[in-house]
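Report on the structure
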Amino acid sequence: MTDSQEYRFQVNLGGMIDILSNHLYSSPRVFLRELLQNATDAITARMDLDPSHRGEVYVELAGSGTGATLLMQDNGIGLTEEDVHEFLAMIGHSSKRNGTELLGETSFIGRFGIGLLSCFMVSDEIVMLTQSAKGGPSIEWRGKPDGTYSIRKLDAALSPGTKVYLRCKPDTDFYFEADTVELDLLHYGALLPYPIRLSEGGRERRINGELPDWIVRPERAAGSRDEVLRFGESMLGERFRDFIPLRTSTGRTGGIAYILPHAVNLNAKRSHKVYLKRMLISEQADNILPEWAFFVKCLIWTDELQPTASREHFYENEQLERVRCELGESIRSELIAMSETDPKRLGRIIEMHALSMKNLAAEDDEFYRLIHRWLPFESTYGNKTLGELLDERRTLYYTASLDHYRQLRHVASAQSMLVVNGGYIYEAELLEALPRIVRGADTRRLLPEDLSLAFTDLNAEERSAALEASRAADLALQRFRCRVMLKRFKPEELPALFTLPEEAATLRSIERAGEESPQAFASVLGSLGGSMQSGAGSYSILYLNLNNPVVQRLFMGRPTSRLGTLVEMLYANALMMGHYPMSRQELALLNTGILSLIDWSMESEKGE
Amino acid sequence: MQDFETEFEDLMDEAYDLPNGAAKIALLERAAEIADLAGDVASGYEAREAIVEAGSFGGFPLKAIVAYSWQLGQYDRNPEAFDARTLHWNYKWVIDDVPSFPDVPAEQIDSLLEDLRRRYRAYGVSDRTYWYYRFRLSMYMGELERAGECLKEFRKLKKDGMSDCSACELDEQVKYLLLTRQDEQAVKKAAPIIQDRQRCAHVPHSTLPFLLLPLHRLGRTEEAEEMQPKSYKLIRDNLTFAHEFGEHIGYLSVVDPQRGLPLLDRHLPQLESHEDPLNRMMFFLNAAALLRKLDRIGEPYVLNLPPSSRFYELADRHDELRARLEEEAFATAAALDRRNGNDYYVNFGQELLKERG
């Protein structure tokens, strides 16, 4: 390999800046974050050398409109001439360090340069004056977006630290307005442990207050409740009433999860504020907490996660997975503790955020076991908590769809069955899992045929009186593979109830699809359906209610030759009432039936 | 009409948020029903397209087949009205499940494959996918030799727009090596999947469970132990993985039977009426193996089955429960063998019980 030579990539700085501003960063305003980040990194580096050093960041705005300038000054470690050359080289020379510079995990110097480049989004010239704490001359660096720069050694020695001057570029004056700068500095730097001061128009103010102790040690937050809630309001813009401290086992990630004071949609964008090494990295971090945690809005700090190149999100890696699990665990264990020490508080939270609680419970048996009694459900006994429903000590029937619930609820409550609406997200799943959680709990998916178990049989006398008519009725619906059952049930206004056992429902759908399918599939459907037809379960059932006066007259009154047609009409009517889609044959019934009815009514008029 | 549209949209929206499974399908079927009632073919088609996906990936293959047949019928009548790509793509999901049903004769499966071939050619793609699915279906039907031949044909052709993703293709080839008892080569081939370099919606979910026992057999017990909880977490909530649940139970039966019991408690009630007979059989076989093993080593245990389970009465009568599970599993195995014209599954079941029970 003796003849191997090292080459350097030629980088077009203009193109690079375009990539940064148009593709990497979400908005030019991040230049301020990048500058603040550079200042912070420099101060940290200096404090590594001298732990007693007290960091400070000073920002000054001068001029207005397109004449505006911005100065950012720190008393950090500063750069030597060699450092300056190194970062410039590194920007254009990614092979030197495996190309990781743009990908976040990088040296102070490398990051510094990239951060500085972002300033070209708002300024056509960058002037940097710097003095390294390690000695050497003070340096002035002037850079232009076309990639040209000059370096000059200054005669006078500055105090250690770095100053960066920017001059407003056309159409970016917005980013130099005092209000914007102040807001952004607070936004990005609220958790920095040293003062940021802003001077403008001769006024100077401090941007960030003293850091409260419970930010770093969230487990102490409970002792400063009001302060924590106030802080949350100022940082997140909502008036919270409750919160949960967060902390991972390493102690390198922590924060406060504020309970949202209003219900949120399942698809609502999660927007937690996350600080990486005390600097805001994202206001929209949606991947730092488990999906189910959408009832909280968090302030989180961490120093153990790796930011993406844009430094606006985190890499989805094992580290993040662990942090996410542990933060979720903080929330979960607090809720569990509440179930013992303060069930009322838990009740309030669950009531407000039932949906996400149910989601969490559906994913996690242990959590479900602990909070199941507080989960609210709609039932034929009213809106109740699952605890109250269990205390009824009855079979809990549940429906898998809202529509099913609406359809069956009246008949079911007339039979005083306890039916729970499982039609909303996760509910059916939870009810199905309940016996696993609570031993002896009896939950069943309500099938229409279950209802019939509560119907009353006819007595012997009624049975023999209706025998002939029943047989004729049964015969009439034979071709629809439907059996007729004569029973007494409530409510009496309901003449007929059509029920479809699951197997019959499948068969029905197979047959309807078969009518529409191409040949290769039609024969497969035929084979699948054929094997089902043999079972008794393949019949649907039409329950006719002898409590209903019309049905009473039809079966107990004078025999009529029209019985067949009338039963067919009751059948078609029951299908429609139950919102069952009808086959062509069944639609035809309705047609001929109505014509017959018209015909008969005209005949009887003639007879009068 | 306004009412119908609102209701339809609401149902579809609500279904959209749900994971593939029973609740989602109930909503989608309702949506398809009201679309039919309103005579709105486009909406009925849309709802069924969603049923096909939820059924194929959520453990309801029969519902997927039925919905797909209907869709295909509508498409043939009016090809301009629907998205051909999605329809052709989904054919693969549907055909993949058909051999699970012993009532469908082998000739009908053949003519489905030929239908797929014809339609794919007309759509402008090669026979690659045809050979690939013939390979898969041959495996399911216990025809390993034929599967091997199809695999060769498949490898000759270039990937195209209807090809499965490379993770899925790799997964199936790993399965083939496993079925032909080449543990070591299978584990080697699966390396990109194990290391998470190849993944998709179905991989590694459906790969890892089948590697547990092979790893164990190869003496790589630590890897198997580490993989088991990870793999289980991926699939736990999706009933399409009935066979995979069985593999976990079978593995645990070999290494630590007590740990298999919670899985049995959880999944038996869910799978006892699972639509897919082949997968149900695989689950039952492994469940029976676990009960056998516990019985054999004489460890006391309790089963916690809910009252709604059809095996509830047998929860304390372990012997009878085991016998029932075996009886049902072997009935399916025999029916599949009759249809396939071999004795693959009955032998398979007996060997499984011997190894894991």
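Per an unreviewed UniProt entry, chain A goes by HSP90 family protein and derives from Saccharibacillus alkalitolerans. As recorded by UniProt, the Sequence similarities (unreviewed entry) comment attached to chain A reads in full: "Belongs to the heat shock protein 90 family."

Turning next to the overall build of chain B. Looking only at helices and strands, one finds 18 helices and zero strands in chain B. Partitioning the intrachain contacts of chain B with sequence separation of at least 6 by distance along the chain shows that 64% fall at a separation of at least 24.

When you go through chain A residue by residue, the secondary structure sums to 21 helices and 21 strands. The 608 residues of chain A split such that 39% are buried. Taking the contacts inside chain A whose residues are at least 6 apart along the sequence as the reference set, 66% of them involve residues at least 24 apart.

Residues and elements named next belong to chain A. Reading across the sheet, the eight strands line up as β5-β4-β3-β6-β2-β1-β7-β8 and stay open at both edges, with mixed pairing between neighbours. Taken across any chain shown, the strands that pair with only one partner, and hence form the sheet edges, are β5 (149-153) and β8 (203-206). Neighbour-to-neighbour, the strand axes of this sheet turn through a mean angle of 15°, independent of strand direction. Looking at chain direction, strand β1 (residues 57-62) and strand β7 (residues 196-200) are connected through five bridges and run parallel. If you follow Tyr58 over to β7, its bridge partner there is Arg197. The sheet contacts of helix α2 (residues 30-49) involve β1, β2 (69-74) and β6 (161-168), and relative to β2 the element is tilted by about 20°. Contacts from helix α5 (residues 178-189) reach β1 and β7, with the element oriented near 180° to β7.

This next bit is on the pairing of strand β12 (residues 279-285) of chain A. All names here are of chain A. Within β12, five of the seven residues are buried, leaving the element largely enclosed by the surrounding structure. One ladder, built from four bridges, connects strand β11 (residues 272-276) with β12; its direction is antiparallel. Note that in β12 the partner of Val274 across the bridge is Ser282. Between β11 and β12, which pair antiparallel and follow one another directly, the connecting turn spans two residues, one of which, Lys277, has a positive phi of 45°.

On the side of chain A, 31 residues touch chain B, which itself brings 33 residues to the contact. Those elements giving two or more residues to the side of chain B that touches chain A turn out to be α2 (22-37), α4 (61-77), α6 (106-123) and α15 (257-271) of chain B. Considered class by class, the residues forming the side of chain B that touches chain A number 17 nonpolar, seven polar and nine charged.

Residues and elements named next belong to chain A. Read from one edge of the open sheet, five strands run β9-β10-β13-β11-β12, paired in mixed fashion. A single partner strand is all that each edge strand has here, and the edge strands are β9 (243-247) and β12. On average, each strand axis in the sheet is tilted by 15° relative to the strand beside it, whichever way the strands run. Inspection of the sheet shows strand β10 (residues 253-259) paired to strand β13 (residues 296-302) by seven bridges, in the antiparallel sense. What sits directly across from Gly254, in β13, is Trp301.

Next up on the list: the confidence of the model for chain A. For chain A, mean pLDDT is 85; residues scoring 70 or higher make up 91% of the total. Considering only residues more than four positions removed or in separate chains, one finds that residues 93-105 of chain A, a stretch of pLDDT under 50, has 24 contacts.

What follows deals with the confidence of the model for chain B. Per-residue pLDDT for chain B averages 93, and the proportion of residues at 70 or more is 99%. For this predicted complex, the interface score ipTM comes out at 0.89, while the overall pTM is 0.67.

All names here are of chain A. Taking 1.5 Å per residue, 24 residues should reach 34 Å; helix α8 (residues 318-341) reaches 34 Å between its end C-alpha atoms and fits that length. All of the buried residues along α8 are Val323, Arg324, Leu327, Ser330, Ile331, Arg332, Leu335 and Met338. The elements touched by buried residues of α8 are β9, β10, β13, α9 (343-352) and α11 (365-371).

Core analysis: the largest hydrophobic core is formed by 253 residues, its most contacted members being A:Ile371, A:Leu542, B:Leu28, B:Ala31, B:Ile51 and B:Ala287. For this core, the element with the highest residue contribution is helix α16 (residues 277-297) of chain B, accounting for 12 residues. The residues touching B:Ala31, leaving out its near neighbours within four places in the chain, are B:Phe8, B:Leu11, B:Met12, B:Ala15 and B:Ala47.

All names here are of chain A. Residue Pro491 is reached from Lys490 by a cis peptide bond, and omega for that bond is -10°. Even without a glycine there, the phi angle at Asp171 is positive, about 70°. Residue position: Asp171 is located in the loop between β6 and α5. Positive phi, normally seen in glycine, also occurs at Arg481, with a value near 50°. Given 14 C-beta atoms within a 10 Å radius, Arg481 is considered partly exposed.

Across a regular strand the side chains alternate sides, sitting on one face of the sheet and then on the other. Pairing of β7(A) with β8(A) involves four bridges; the strand directions are antiparallel. Across the sheet, the residue bridging to A:Leu198 is A:Arg205, located in β8(A).

The relative placement of two packed helices comes down to the angle between their axes together with the axis-to-axis distance. Residue and element names in this part refer to chain B. Taken N-terminus to C-terminus, the directions of helix α3 (residues 41-58) and α4 make an angle of 145°; their axes are 8 Å apart at the nearest point. Judged by the twist between their axes, the crossing of α3 over α4 is left-handed. Between α3, through Val41, Tyr45, Arg48, Glu49, Ile51, Val52, Gly55 and Ser56, and α4, the contact on the second element is made entirely by Pro61, Lys63, Ala64, Ala67, Tyr68, Trp70, Gln71 and Gln74. Among the residues making up the contact of α3 with α4, the classes are represented as nine nonpolar, four polar and three charged.

Residues and elements named next belong to chain B. As a packed pair, helix α14 (residues 242-255) and α15 sit with axes 8 Å apart at the nearest point and diverge in direction by 155°. Judged by the inter-axis angle, α14 sits roughly antiparallel to α15. Our pair here, α14 against α15, has a crossing hand that is left-handed. Here α14 contributes Ala242, Phe245, His248, Ile249, Leu252 and Ser253 to the contact with α15, which in turn contributes Pro257, Arg259, Gly260, Leu263, Leu264, His267 and Leu271.

So, about helix α5 (residues 84-97) of chain B. All names here are of chain B. In this model, α5 (14 residues) spans 21 Å end to end at C-alpha, consistent with the 20 Å of a helix rising 1.5 Å per residue. For α5, the full list of buried residues reads Leu87, His88, Tyr91, Val94, Ile95 and Asp97. Lining the buried residues of α5 we find α3, α4, α6 and α7 (128-140).

This paragraph deals with the environment of B:Val98. With respect to the secondary-structure elements, B:Val98 resides in the loop between α5 and α6. It is 9.6 Å that separates the C-alpha atoms of B:Val98 and B:Gln108, two residues lying 10 residues apart in sequence. Among all residues touching B:Val98, those that are not within four sequence positions of it are A:Val524, B:Ile65, B:Val104, B:Ile109 and B:Leu112.

In this section: the environment of A:Tyr539. All names here are of chain A. Looking at the element boundaries, Tyr539 is found in the loop between α18 (519-533) and β21 (540-545). The partly exposed category is assigned to Tyr539, around which 18 C-beta atoms lie within 10 Å. Once residues within four sequence positions are removed from consideration, Tyr539 is found in contact with Arg481, Cys482, Arg483 and Ala504.

Attention now goes to the environment of B:Lys158. In this structure, B:Lys158 sits in the loop between α8 (144-156) and α9 (166-179). Through-space distance from the C-alpha of B:Lys158 to that of B:Arg128 is 7.2 Å; in sequence the pair is 30 residues apart.

Criteria and thresholds
- Residues numbered from 1 in each chain as written.
- Chains lettered and ligands numbered in written order.
- Predicted model: local features only at pLDDT ≥ 70, side-chain atom pairs only at ≥ 80, totals over all residues.
- UniProt positions renumbered as here; feature names shortened; annotations may be inferred.
- Helix = DSSP H or I, 4+ residues; strand = E, 2+ residues; numbered from the N terminus.
- Contact = placed C-beta atoms within 7 Å.
- Buried ≥ 20, exposed ≤ 12 C-beta atoms within 10 Å, placed from the backbone.
- Pairing = 2+ DSSP bridges.
- Axes fitted to C-alpha atoms, helices over the stretch in contact; angles between N-to-C directions.
- Nonpolar A, V, L, I, M, F, W, Y, C, P; charged D, E, K, R; others polar.
- pLDDT = per-residue confidence, 0-100.
- Expected span 1.5 Å × (residues − 1).
- Core = buried A, V, L, I, M, F, W, Y, C linked by C-beta atoms within 7 Å.
- Left-handed = near helix turned anticlockwise from the far one by under 90°.
- Parallel < 35°, antiparallel > 145°, perpendicular 65-115°, else oblique.

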